[in-house]
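What the coordinates show
Each chain, letter by letter, is given below.
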Amino acid sequence: MNKKIQVFKYVLFDYLAALVAWVLFFLYRKVFIESVKFGYSVPFQADKNFVLGLLLIPPGWLLLHYLSGYYRNIFRKSRLLELTQTFVVTLAGVIILFFLVILNDVIATYKNYYQSVAVLFALQFTLTYLPRLILTSVTNYRIHSGKLSFKTVIIGSSRKAVNIYKKLKKSNGKAGYKFIGFVSLKPKQTGPLKDYLPYLGDLKEARKIFANENKVDEIILAIEENEKKEIGYILNQLFYSQAHLQAIPELYDILAGRVHMSSFLGTPLIEITHELMPAWQMIFKTLIDYSVAFTLLIISLPLTGIIAIAIKLSSPGPVLFIQERVGRHGKPFMIYKFRTMFKDAEKDGPALASDNDPRITPVGRFLRRTRMDEIPNFINVLKGEMSLVGPRPERKHFVDLILNKVPHYIHLQKVKPGITSWGQVKYGYAENVEQMIERMQYDLIYIENMSLYVDMKIISYTLLTVLKGKGK
């Protein structure tokens, strides 16, 4: 089943639900509220308020559902959680509409407000939830009947791997797993699982095995007690995989990330999700990134002109410094900054800046202390390559050096790099690889504790650094 088509179905029915709910609610207000108020039957008219409601309210509901994260994980929905989420989002939306629309209604008594809220909630919730229930039930039926399945790979090859394979196979495909093979921890360590599934390779080949083009949907981690020390290595190797990761229950207490129990026909598995922020917070973070970046770029235009003139007068060379950096999931991008060094400062090879670095121009030193050299980073934010807050992006040369010493540095690439970060607040510009590794510890702490509150706190510290001119 195509994911985009499935999402489209939910979006379409949510839109129609909001459309019909608004029409029925508008009729209710005319027949039962205004008619009682004026003492005669008020005819229905498609006036300006009705048309504006048709144009604005359904898209508003879709936006609210999107911000709640409803359209994520579209094939793995729990009907009970769906009921709860629909109830909460509908309640929030009705409260918003109360202040935007209902509060301005013509009423006979204040009881009409309560009646309007109750009717709108009942209409919106019922018309939204029933199609969702049908769609989700149909999807679950298709999974249980074997008509919809997910390509699944087991990591591990020993007794536990065989046991979990047999248990899941007993469901005759009702759990949706379509096993295509297994991956061993070490080269040619096929174990007893080779009698049941094809051998795909070992963990060193994980990036190729789990590449997006192979479209592996599920990964089940089933390793023995004496293999638990390999957990860190396993997670590093699976870093770029977009597949859904689950593990046998014995491993839940040592796996990083939020965990959720799931049970398929008596076979419990632990769902390992690395969604670092709640869906609504992640979406709001993105919206804040774009809106703040756009606003600050416009506001800073006069300052940008002054900086550009100062750079050109201080030393020959371009105003902007453009360089390739490593972004989210290791994808390279070109970062934009104001030039702070003399031309050809790295003609002898990549080198990090240090205190009293002779390569830095006088204007550049001021720009670095006040962080104004990073104003062009807002262009990268608008391009979707960076965020306001996130680990600073590094060059591939230094990323490779760090990965050789600290392999779990790769986990910084779970998120978009940022204009500022907790590590940047603590260390500023690192002068060597050792400082980059030390700064990394703070960025890892940030990733494990990501929230809008933490972002605001880091931004406030950054603003203090800018105002005091104490940037390193």
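Conventions adopted
Residues numbered from 1 in each chain as written. Predicted model: local features only at pLDDT ≥ 70, side-chain atom pairs only at ≥ 80, totals over all residues. Heavy atoms only, no water. Helix = DSSP H or I, 4+ residues; strand = E, 2+ residues; numbered from the N terminus. Contact = heavy atoms within 4.5 Å. Expected span 1.5 Å × (residues − 1). Bend = angle between axes of the 7 residues up to and from the residue. Buried < 20%, exposed > 50% of the residue type's maximum accessible area, 1.4 Å probe, protein only. Polar contact = N/O pair within 3.5 Å; in protein donor to acceptor, adjacent residues only side chain to side chain. Salt bridge = Lys/Arg side-chain N within 4 Å of Asp/Glu carboxyl O. Phe/Tyr/Trp six-rings, centres within 6.5 Å; stacked < 30°, edge-to-face > 60°. Lys NZ or Arg CZ within 6 Å of the ring centre and 35° of its normal.

Turning our attention to the environment of K405. Summarising the element assignment, K405 is placed in helix α12 (residues 396-405). For K405 and I437, which are 32 residues apart along the polypeptide, the C-alpha to C-alpha distance reads 8.8 Å. When sequence neighbours within four positions are dropped, the list of residues in contact with K405 reads V433, E434 and I437.

This part takes up helix α2 (residues 48-67). In this model α2 runs 28 Å from its N-terminal to its C-terminal C-alpha over 20 residues, within 8% of the 28 Å that 1.5 Å per residue would give. Maximal helix bending in α2 amounts to about 30 degrees, located at L54; proline P58 follows within four positions. Among the residues of α2, F50, G53, I57, P58, W61, L62, H65 and L67 are the ones counted as buried. The residue sitting at the N-terminus of α2 and contributing the capping side-chain oxygen is D47; that oxygen lies 3.3 Å from the backbone nitrogen of N49. Of the residues trailing α2, G69 is marked for its positive phi of about 85 degrees.

Turning our attention to the pattern of salt bridges. With the rule as written, the count across this model stands at eight salt bridges. Between K405 and E434 there is a salt bridge, with its nearest N and O atoms 2.9 Å apart. Of this pair, K405 sits in helix α12 while E434 sits in helix α14 (residues 433-448); the two residues are 29 residues apart in sequence, bridging distant segments of the chain. The partly exposed category is assigned to E434, whose relative accessible area is 45%.

Once that is clear, we can look at the packing of aromatic side chains. Here the structure, examined in full by the defined rule, presents 19 aromatic pairs. For the pair W22 and F26, a centre-to-centre distance of 5.8 Å together with 55 degrees between the ring planes defines the contact as tilted. In this pair, W22 and F26 are both assigned in helix α1 (residues 3-38), four residues apart and thus about one turn of the helix distant. Just as W22 is buried, F26 falls in that class too. An aromatic cluster of three or more residues is present, and its members are W22, F25, F26, Y28 and F50. For the cation-ring pair, K77 lies above Y70, with the distance from its terminal atom to the ring centre recorded as 3.8 Å. Its end group placed over the ring of Y70, R132 keeps NZ or CZ at 3.6 Å from the ring centre.

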